[in-house]
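What follows is the residue order along each chain.
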Amino acid sequence: MVPLTLAEHGALAKARLPAVTWDFFEGAAGTEWTARANPDAWQRYVLRPRVLVDVSAPDCGTELFGARLAAPYGVAPMAYHGLAHPEAECATARAAAGAGALLVTSIFAGRTLEQIAEAAPGAVRWLQLYWLRDREALAALVRRAEAAGYRALVLTVDAPKVGRRLRDLRNGFALPPGMTAANLAAHLTSGAGRAEAGRSGIEEHSKQQFDPTVTWADLAWLRRRTELPLLLKGVLTAEDAELAVEHGVDGLVVSNHGGRQLDGTPPAADVLAEVVDAVPADRPVLVDGGLRHGADLAKALALGARAALVGRPVLWGLAHGGADGARAVLDLLREELLDTMVLAGRPTLADLDRGALAPWPPVAPPTAPPAAPTYR
C-alpha cells in the first residue's frame, strides 16, 4: 500500500513496531485526554475560501531566523529515533534536508550532534534542551551545537519531570540494551534503561536528572553562554508569553508536549491565537500538537503561527520506511498545504490570516433577552 494520508503511515508503522515501542511513541499522560483533543481541535475551524484568485503559482516557502524553508514546518524534537529505525536521527535528518524542513534535534538523540550534521549538511537544524541538574553538561551541549552549525536552541519548559504515562508504567518501559542518548555522558541517562514492572525508566530518569527548581531568572545563565536564538517550548498562556518576552526570549513554541506531560491542558489550537497576540511580531511563534493534514497546518498559520512542528507522524514514516518514509510524510504535508492554499484562493502565506478561518460549528448570533414581565 502506498500511504496517501498520515493515518495510513501510522497504520504501516503500527504493524511493524513492537507493541511496547508503539505505546511509547503514541502514549500520553493520565487519561490521554489532551492527546486525543489535540487533533480534534483543528477541526473546530473551517477555511473561508476566496474565488477568482490567481492561484497558478502558490508559494509556501518561508524563513526562520534567516534560514530558508520549503514550507513552514519542521520535525518536532523527539527522543530516541533509533526505536523506530536503525539509522535513527541520521535518517530523519536526511528526510528533513530533502524536504526543506526544519529539524529540531532532541537532547536525547541516539546519534551525536556531529553525526546528524554530517548526515544532512543541508538541513536547517536546531537543538532542543531539557534543563539538567548538571549545568556543565548543558553548557557543553550548547557549545557543541554552535560548533556543528545548529542555528537555534529550543528549551522545553513544561517538563520539570516526565509526565505519568500509564502505557509505559504498565509495560515497564525502559530503553533496550544499546539504546543511549549519544550526546550525554552515560551516567546522565543510566536510569532510563532499568526495566521494572509498574515503572517507567524514562520517568524515573527524569526525576534524577531534570532540574525542577528552574525559574525565569535562570534563563540569564543560558543566555550568557550562547548567541544563538533561544525559543521556549511548552508555553500555553498569554501570561507566560509576556514573561518570555520580558526575559529576552527570541521565540515560542505553543505546545502541550503532545499530551505527554500534564493531561487536561488545552489543545494547542485553542490557545495559539492567545499566545500570538501576547508577543511582538518579531518574536516568531511556532506550534505543535495533533497536526495530521496540510489543512491543519494552514489553520495554524491563519491563527498566527510562523511554522508548525510535526512529531509522531514523522516517526511513523521513519518506522516503516526509514529516511524515505519520513521524507514521504513531510512531502505529503507540503503537498496538502499547497493544495489547500490553491483551493482556498489563498496562494501565499500572507493570505492565510485570521480572515481565512471561521469557527465550526458556527457561533450563533446573540439573541435579544426576553422582555421583562409587566405586572399590573
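See the structure shown above.
Figured I'd write up the structure that's included with this text.

Criteria and cut-off values
Residues numbered from 1 in each chain as written. Predicted model: local features only at pLDDT ≥ 70, side-chain atom pairs only at ≥ 80, totals over all residues. Heavy atoms only, no water. Helix = DSSP H or I, 4+ residues; strand = E, 2+ residues; numbered from the N terminus. Rg over C-alpha atoms; globule rule 2.2 N^0.38 Å. Buried < 20%, exposed > 50% of the residue type's maximum accessible area, 1.4 Å probe, protein only. Contact = heavy atoms within 4.5 Å. Areas by Shrake-Rupley, 256 points an atom, 1.4 Å probe, with all protein chains shown as cover. Lys, Arg positive; Asp, Glu negative; His and termini not counted. Charge placed at Lys NZ, Arg CZ, Asp CG, Glu CD. Core = buried A, V, L, I, M, F, W, Y, C linked by side-chain atoms within 4.5 Å. 1 Å grid on protein atoms, 1.4 Å probe; cavity = no way out; pocket = protein on both sides within 12 Å on 5 of 7 lines; lining within 4 Å. Points joined across faces, edges and corners; volume = space filled by probe spheres on them. Nonpolar A, V, L, I, M, F, W, Y, C, P; charged D, E, K, R; others polar. Phe/Tyr/Trp six-rings, centres within 6.5 Å; stacked < 30°, edge-to-face > 60°. Lys NZ or Arg CZ within 6 Å of the ring centre and 35° of its normal.

We now examine the overall build of the protein chain. Regarding its fold elements, the protein chain presents 13 helices and 12 strands. Compactness check: the protein chain gives a C-alpha radius of gyration of 21 Å against a globular reference of 21 Å for 376 residues, within 12% of the reference. On the principal axes, the C-alpha backbone points of the protein chain span a range of 80 × 60 × 45 Å. Residue burial in the protein chain is summarised as follows: out of 376 residues, 56% are buried. Residue pairs in contact within the protein chain that sit at least 24 positions apart in sequence constitute 74% of those at least 6 positions apart. Just so you have it, the protein chain exposes about 16100 Å², and 55% of that area is on carbon and sulfur atoms. Distance between charge centres in the protein chain, computed from 38 positive and 42 negative side chains, equals 3 Å.

What follows concerns the nonpolar core. Counting 109 residues, the largest nonpolar core has I107, L129, L252, V254, L272 and V287 as the members making the most contacts within it. With 14 residues, the top contributor of residues to this core is helix α13 (residues 312-343). Look past the residues within four positions of L272 in its chain and what remains in contact with it is W42, V254, V285, V287, A300, L303 and A305. Grouped together as the second largest cluster of nonpolar side chains are 15 residues, A76, W126, V154 and L309 included.

Taken as a whole, the largest pocket spans an internal volume of roughly 730 Å³. Surrounding the largest pocket, 38 residues form its lining, F25, M78, H257, R260 and R312 being those nearest its centre. Elements with a minimum of two residues in the lining of the largest pocket: α2 (19-26), α3 (33-42), α8 (201-209), β11 (307-310) and α13. Ranked by the residues each element gives to the lining of the largest pocket, the list is headed by α3, at four residues. For the lining of the largest pocket, the class distribution of residues is 18 nonpolar, 10 polar and 10 charged. When its volume is computed, the second largest pocket comes out at roughly 450 Å³. If you trace the second largest pocket, you find 20 residues lining it, with T156, V157, D158, A159 and V214 closest to the centre. Mapped by element, the contributors of at least two residues to the lining of the second largest pocket are β7 (153-156) and β8 (230-235). Looking at the lining of the second largest pocket element by element, the count peaks at three residues for β8.

Once that is clear, we can look at the packing of aromatic side chains. For the coordinates displayed, the defined rule picks out nine aromatic pairs. When the centroid spacing of 6.4 Å and the interplanar angle of 25° are considered together, the rings of W22 and W316 count as stacked. Residue W22 is located in helix α2, and its partner W316 is located in helix α13; the two are separated by 294 residues in the primary sequence. A residue is classified by how much of its surface remains accessible, and W316, at 9% relative accessible area, is buried. Ring-pair connections join several aromatic residues into one group, and the members of that group are Y80, F108, Y130 and F210. For R125, the ring lying beneath its charged end belongs to Y150, and the centroid distance is 4.9 Å. Note that R260 overlies the ring of F24, its terminal NZ or CZ placed 5.2 Å from the centroid.

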